[in-house]
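Descriptive structure summary
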Amino acid sequence: MLAKSISENTSGHGEHYITRNKREYFGMLASAAGGGVIIALMAGNKIRITGLGLGDFTTAFLAGLNYGIGFMFIHMVHCTVATKQPAMTAARIAEHVEQNDKARAVESKLAKLLIDVARSQAVAVFGNVVVAVIVASIVAASVAESTGSPMLDAHSTAYQFKSIDIIGHPTLWYAAIAGLWLFCSGIIAGFFDNRADYLNLRQRLPFNPLSRKIMRPKPRRILAAYIHKHYGSLVGNFIFGMLLGMTGYFGHLLGLPLDIRHVAFSSANLGYAAVSGNVGFGTFMLGICSVLAIGLVNLIVSFTLALFVALRSRGTKIGSVGNLCKSFWQQIKANPLILFFPVTPVQTKEPVKEQGEKH
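For clarity, every value in this text was computed on a predicted model and none was experimentally measured.

This part covers the overall build of the protein. Within the protein one finds 13 helices and zero strands. N-terminal to C-terminal, the α/β element order of the protein is α-α-α-α-α-α-α-α-α-α-α-α-α. Scored against the burial criterion, the 359 residues of the protein give a buried share of 46%. For the protein, restricting intrachain contacts to residue pairs at least 6 apart in sequence, the fraction spanning at least 24 positions comes to 83%. Here the protein has roughly 19,100 Å² of accessible surface; of this, 65% comes from carbon and sulfur atoms.

Below, the structure written as structure tokens:
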């Protein structure tokens, strides 16, 4: 029951991450672009924290705070982190499966939902990655212009390129760990949303003794309503950031290959390193391909885990994967652009029935 309640709360958030028309599509693109700007600045701050020469724990803790507070800020200003979508949209898909014949989804409708989700995810990743690379490149070029030296030295530049090397290093394994934390953050967000409803924070917080001393009644009610609505998202984003920041430290303590690679931060780091190292076009494009591979692993791991848990919590399953894939392919084949842009399908007119034909 708790798992289903968490899944239902997560599903409600997932609906906001699915675009079905042009207005929603461009709204998602703008929201993801805003997230890309903030992520680029967060990545630059992470590089600065690493360069302070502090202890391992302090560096990891500050990096976690940088990520956690940054993700909370992104949510508060209504921007989007693309990799947060799968954990939310998977719950929405599971709800759709349950609503259609309880255990067997109508394949065409579910395929249409999957196309909408894939398109929304693609435009969000595009907004995050492209804008993060551009902003990071501008910042690195501005620093080099003002100081007369590159933002990253040769060692730091080499490290950034090494961190996205998917051939000679366990980069994709680290990307899978980040995908696991993305899944966990969705569960955490759903849990705390459920707890906000259980505790009825909207009505209880205005009577908190401390808030009554420092705030007037109307601001208290507004703050209580905001916290009630966004409690899960804020807590989930903060804990997700701390998980990203601290994973490498605990891997170092335990002697295990634990670290994270996140597509948005990897793209920003690529922008900083490419400008600082003055790399060629081929090297830069190879880095972009590596970043996209990291993003693909992030999304696949988080989506698969979230969908599995959401389906199990509802006691349902996808009826026929083969028929679903067939319907998915048929819709894309009929209109390939729909996978990348919300175009209106062409309506086919029914043939006129002859007089006397039975209906």
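Here the narrative resumes.
Between its first and last C-alpha atoms helix H3 (residues 56-76) spans 30 Å; for 21 residues at 1.5 Å apiece the expected length is 30 Å, and the two agree. Among all positions of H3, only Thr59, Ala60, Ala63, Gly64, Asn66, Tyr67, Gly68, Gly70, Phe71, Ile74 and His75 are buried. As for H3, its buried residues are in contact with helix H2 (22-50), helix H10 (217-254) and helix H11 (263-277). Positive backbone phi, approximately 65°, marks His78, located one or two places after H3.

A word on helix H13 (residues 321-334). An ideal rise of 1.5 Å per residue puts 20 Å on 14 residues; H13 measures up with 20 Å between its terminal C-alpha atoms. Of the positions making up H13, those classed as buried are Leu324, Ser327 and Ile332. Viewed along the axis of H13, the buried residues span an arc of 130°, placing them on a single side of the element. Exposed side chains of H13 directed beyond 90 degrees from the buried face belong to Lys326, Trp329, Lys333 and Ala334. Looking at the buried side of H13, the elements it contacts are helix H5 (107-147).

This next bit is on a nonpolar patch on the surface. A cluster of nonpolar side chains, contributed by Phe126, Val130, Ile134 and Ile138, occupies part of the molecular surface with about 370 Å² of accessible area. Structurally, Val130 can be placed in helix H5.

Next up on the list: the pattern of salt bridges. Within this structure, the stated rule accounts for four salt bridges. Here Lys112 ties to Asp116 by a salt bridge, and the two come within 3.0 Å at their closest N and O atoms. Taken as a pair, Lys112 and Asp116 lie in helix H5 at a separation of four residues, close to a single helical turn. A salt bridge links Arg119 to Asp116, with the shortest nitrogen-to-oxygen separation between them at 2.7 Å. On the criterion of helical spacing, the pair formed by Arg119 and Asp116 is a turn pair, its members being three residues apart in helix H5. The exposure class of Arg119 is buried, given its relative accessible area of 1%.

Let us now look at the nonpolar core. The biggest cluster of nonpolar side chains holds 51 residues, and the ones touching the most others in it are Met42, Phe71, Ile74, Leu244, Phe265 and Tyr272. Looking at which element gives the most residues to this core, the answer is H5, with ten residues. If we ignore the near neighbours within four places in the chain, the residues touching Phe71 are Met42, Val81, Asn237, Phe240, Gly241, Leu244 and Phe265.

Here the focus is the confidence of the model for the protein. Of all residues in the protein, 90% have pLDDT values of 70 or greater, and the mean over the chain is 86. Mean pLDDT in the protein bottoms out at helix H1 (residues 2-14), which sits at 65, and peaks at H3, which reaches 95. Note on residues 346-359: pLDDT under 50 across the span, and one contact to partners over four residues away in sequence or across chains.

Positive phi, close to 65°, is recorded for His78, a residue that is not glycine. Mapped onto the secondary structure, His78 falls in the loop between H3 and helix H4 (85-99). We classify His78 as exposed; its relative accessible area is 61%.

What counts and how
Residues numbered from 1 in each chain as written. Predicted model: local features only at pLDDT ≥ 70, side-chain atom pairs only at ≥ 80, totals over all residues. Heavy atoms only, no water. Helix = DSSP H or I, 4+ residues; strand = E, 2+ residues; numbered from the N terminus. Buried < 20%, exposed > 50% of the residue type's maximum accessible area, 1.4 Å probe, protein only. Contact = heavy atoms within 4.5 Å. Areas by Shrake-Rupley, 256 points an atom, 1.4 Å probe, with all protein chains shown as cover. Expected span 1.5 Å × (residues − 1). Arc of directions from axis to C-beta. Patch = residues over 30% accessible without salt bridge, like charges linked within 9 Å, V, L, I, M, F, W, Y side chains within 5 Å. Salt bridge = Lys/Arg side-chain N within 4 Å of Asp/Glu carboxyl O. Core = buried A, V, L, I, M, F, W, Y, C linked by side-chain atoms within 4.5 Å. pLDDT = per-residue confidence, 0-100.

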